[in-house]
Each structure stands twice: as C-alpha cells, then as structure tokens.
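An overview of the molecular structure
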Amino acid sequence: MTWRCLRSRSLHFVIIGAALFGVRALRAPSAPEPGKPERAPIVISAERIRLMQSDFVQRWGAMATAEQLNALIEQAIEEELLYREARALALDFEDRSVHRRLLEKMRVSDRPGRSHEELIREARALGLDDDVVIRRLLIEKMRLILAEDPNETPLAERDLQEYLERHRDRFEQPAELTFSHIFLSASTRGDHLERDAEAVLAQLRSQARSSEAAAELSDPFPLGLQLRAYSENRIVSRFGKPFAKQVFDLEPGVWSGPIASPYGLHLVWVHEKSAPRVPQLAAVRQQVVQAVMAERSAAQLARGLARLRGLYEIRVEGRDDPSSPGPALAARSGK
C-alpha cells in the first residue's frame, strides 16, 4: 500500500469506524466469538515489582507497604490494558502529538528533502513508536475514550440537587462571624497594655457605647475595626488560632475581652454569628455540574476497565491473592 493510499480520506473513515466499533465492543459485554484470537497475557514479573519497590524507596525514602505496592501493581496493570487496546484500535494513526514525537526522534537521522510523512513511516518501521512518551499519550487517550458515555442522559435538576445533598460536607459553607473590636497596641502601650485594656473595657460597659461610638478609644489597626462575615479560618489567618477560638466562643451583643493577638489586645463586640450551612443549588451550580460529570466519567471508566480486564489473562508473579502481594506465582483471568 502506498503512502498516498494511507492518506486517502475513505481509508481514514474505515479505520475510524473500526476504532469506534472496537470501543463500543469494550463498553458492551458480549459472548466470546468462536475462533477469536486470544490476547497475549499481561504479566507483571517479579523483576518489575522489584523495580517498583526500588523506585518507591528512591522517591519516598522508605519501602512501600503491602497496600502501596499493590496499588502500584494495579496501576501497572491498568496502564498496560489501556496501552494495548489503544494500539489495537490504532489511536496513534492520525495523532498529531504522536507524529511530533516521532519526528523529534528522527531528527538525528534526518536527511534534506524528506517529507514528514516519510520520516513518520520510517520511524514506525524502526519501532520508534514503542516509546515511553507515546505510551503515555495513548494511555491517556484510551482513558478519555473509555470515560465517555455515548448514551449518557442529560443532567436533570434532581440529579444536581441529589448530588448536593449527598456531598453536603464538600459544599457546606462554614460558620461566619461579624464583629467589631477596640485595639490596644502592644508596641504603643508597652507595660501599660493590660491595665489600659481593663480600663477601656470598664468604660465601654459602664457607658453602654455602641461599637461605632467606641471606635475613638481604639489604637489604629490596619485591618479595620469592623470585620464582616469572617470564617474561623479567615480569622486565624489574620489574628492567629488562639484569638479565633476565643472570639468564636463569645456571646453576641456585649463587650468582651481582652483577647490577645500577635498585635496586642482586643476588646470585642460580636454582632452576628451564622451557623454552617449548605448553599442553595443556584449559588454552586457550576461546581456541582462539574462534580457530577466527573463522577459519571469515573464510573464509566471503571466499567470500561472492568470490561478490558475480562479480555485478558493477568498474572502477577509473587502474588498469592489478587488483593495482596505474596510469595507464589498466581494467575488471574477475567474470562
């Protein structure tokens, strides 16, 4: 077949159709066809497992636990499944990223006058497409294909509301505090700081001053004397954790303190304290839509991977049990 033929549009349609047919076959379970050629088993060798452990130690400075090593093995199996099926479906045929990688690898032997098509064809003939970068590209491409559901139903309002209720903790808005304070600077008042704070507090309580009227008793404070709708974390970032804990325990509507911060002492009037709450769907719609779509894609990908596992015999050397590493050779088949 000539290269001109490979570039023909009709041939592209045939290949794309075959790829789509193959992906659909992976998504929908079907009975094995008589005489269908067997796929080569996926074998995770003991030597590869030793390399995984060595790489883990080099990266993290400690041996992987049984659970961590098992996760690495499962990741290797998944990536091998995705890569083999991507190659079987020829997902690299018209992939520009793959072409760029092959052209990069052919630069060392490039001769003037050769077209990109010739270089790519020669790179494939030399086996240069069996490359860690191309492998990674095809794995991710196959992962994206399996995560897509051509029969997915449109999102309904009830789907979004149900997800919001199911994941309240993810979207819950924290308790917030609105308060005013009179600030007494440690750097300005020195040894008189505590005495001055007690005197100002007594004056505030005896005169029943409002927070606005009491502002004249405060030393200048760069963040202002009234802070509206501050969460505990936000107060921690401005005043420190001890201050935030104490101010959140105060009763509203009275002058309290003094409460220490890194700046000095504060006399505090709490105006309002709101409880943690789940926002209305309209306020977080975009985040919920993205989360639901991600959840659906993850479920679709899991189904596709499960289908792929059923097409291969998977063997892990040194594994007694499919769920944990062990000393003996074990075989696992999804057929």
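All values reported here derive from a predicted model rather than from experimental measurement.

So, on to unusual backbone geometry. Cis geometry marks the peptide bond from glycine 257 to proline 258; its omega dihedral reads -5°. Along the chain, the position of proline 258 falls in strand E4 (residues 255-260). The backbone of alanine 229 shows a phi angle near 55°, a positive value even though the residue is not glycine. Judged by relative accessible area, which is 31%, alanine 229 ranks as partly exposed.

What follows deals with helix H14 (residues 285-309). The terminal C-alpha atoms of H14 lie 36 Å apart, and with 25 residues this matches the ideal 36 Å at 1.5 Å per residue to within 8%. Restricting attention to buried positions, one finds in H14 the residues Val288, Ala291, Val292, Gln300, Leu301, Gly304, Leu305, Arg307 and Leu308.

All right, on to the confidence of the model for the protein chain then. The predicted model of the protein chain averages 78 in pLDDT, with 75% of residues at 70 or higher. Mean pLDDT across the elements of the protein chain bottoms out in strand E7 (residues 330-333) (38) and peaks in helix H3 (residues 46-60) (93). Between residues 1-21, whose pLDDT stays under 50, and residues either more than four places distant or in other chains, the model counts 16 contacts. Low pLDDT, under 50, characterises residues 321-335; the stretch is placed with 44 contacts to residues that sit more than four places away or in other chains.

What follows is about the sheet that holds strand E3 (residues 226-231). Judged by pairing direction, the sheet is antiparallel, and its four strands sit side by side in the order E3-E2-E5-E4 without closing on themselves. The open sheet terminates on both sides in strands that have one partner only, identified here as E3 and E4. Ignoring strand direction, the axes of neighbouring strands in this sheet form an average angle of 40°. Its contacts with the sheet put helix H11 (residues 193-207) on strand E2 (176-185), E4 and strand E5 (264-274), and the angle it makes with E4 is roughly 165°. Together, E2, E3 and E5 form the strand contacts of helix H12 (residues 232-239), whose direction differs from that of E3 by roughly 125°.

What follows concerns the side chain of serine 218. One can find serine 218 in the loop between H11 and E3. The class of serine 218 is buried, set by a relative accessible area of 14%. At 3.0 Å, the side chain of serine 218 and the backbone nitrogen of phenylalanine 183 are in polar contact. In this structure serine 218 touches Ile182, Phe183 and Leu225, once residues within four positions along its chain are discounted.

Evaluation of the coordinates by the stated rule reveals 17 salt bridges. Put simply, glutamate 74 and arginine 309 hold a salt bridge, and the shortest N to O gap is 2.8 Å. Of this pair, glutamate 74 sits in helix H4 (residues 66-88) while arginine 309 sits in helix H14, placing them 235 residues apart in sequence. Linking aspartate 196 and arginine 195 is a salt bridge whose minimum nitrogen-to-oxygen distance equals 3.8 Å. With relative accessibility at 17%, the residue aspartate 196 sits in the buried group. Assessed through its relative accessible area of 54%, arginine 195 is described here as exposed. Taken together, the shared-partner salt bridges connect Arg189, Arg195, Asp196 and Asp219 into one network.

Running from N to C, helix H8 (residues 157-166) and H14 point in directions that differ by 90°, and their axes come no closer than 10 Å. It follows that H8 is roughly perpendicular to H14 by the angle criterion. On H14, the residues touching Glu157, Asp159, Leu160, Tyr163, Leu164 and Arg166 of H8 are Arg285, Val288, Val289, Ala291, Val292, Glu295 and Arg296. Considered class by class, the residues forming the contact of H8 with H14 number seven nonpolar, no polar and six charged.

Overall, the coordinates contain ten aromatic pairs when judged by the stated rule. Taking the centre distance of 5.6 Å and the plane angle of 10° together, the rings of phenylalanine 221 and phenylalanine 239 count as stacked. A residue pair is termed long-range when its members are at least 10 positions apart, and phenylalanine 221 in the loop between H11 and E3 and phenylalanine 239 in helix H12 qualify at 18 residues. Just as phenylalanine 221 is buried, phenylalanine 239 falls in that class too. Taken together, the aromatic side chains of Phe179, Phe183, Phe221, Phe239, Phe243 and Tyr263 make up a single cluster linked through ring pairs.

This brings us to the pairing of E4. Direction of pairing for E4 relative to E5: antiparallel, over a ladder of four bridges. Opposite tryptophan 255, over in E5, you have tryptophan 269 as the bridge partner. Between the end of E4 and the start of E5, which pair antiparallel, lie three residues.

Between H12 and helix H13 (residues 241-248), the shortest axis-to-axis distance is 7 Å and the interhelical angle comes to 135°. By the angle class used here, H12 and H13 are oblique. Classified by chirality, the crossing of H13 by H12 is right-handed. Across from Glu232, Ile235, Val236 and Phe239 in H12, the residues of H13 making contact are Lys241, Phe243, Ala244, Lys245, Val247 and Phe248. Split by residue class, the contact of H12 with H13 holds seven nonpolar, no polar and three charged.

Cut-offs and rules
- Residues numbered from 1 in each chain as written.
- Predicted model: local features only at pLDDT ≥ 70, side-chain atom pairs only at ≥ 80, totals over all residues.
- Heavy atoms only, no water.
- Helix = DSSP H or I, 4+ residues; strand = E, 2+ residues; numbered from the N terminus.
- Buried < 20%, exposed > 50% of the residue type's maximum accessible area, 1.4 Å probe, protein only.
- Expected span 1.5 Å × (residues − 1).
- pLDDT = per-residue confidence, 0-100.
- Contact = heavy atoms within 4.5 Å.
- Pairing = 2+ DSSP bridges.
- Axes fitted to C-alpha atoms, helices over the stretch in contact; angles between N-to-C directions.
- Polar contact = N/O pair within 3.5 Å; in protein donor to acceptor, adjacent residues only side chain to side chain.
- Salt bridge = Lys/Arg side-chain N within 4 Å of Asp/Glu carboxyl O.
- Parallel < 35°, antiparallel > 145°, perpendicular 65-115°, else oblique.
- Nonpolar A, V, L, I, M, F, W, Y, C, P; charged D, E, K, R; others polar.
- Phe/Tyr/Trp six-rings, centres within 6.5 Å; stacked < 30°, edge-to-face > 60°.
- Left-handed = near helix turned anticlockwise from the far one by under 90°.

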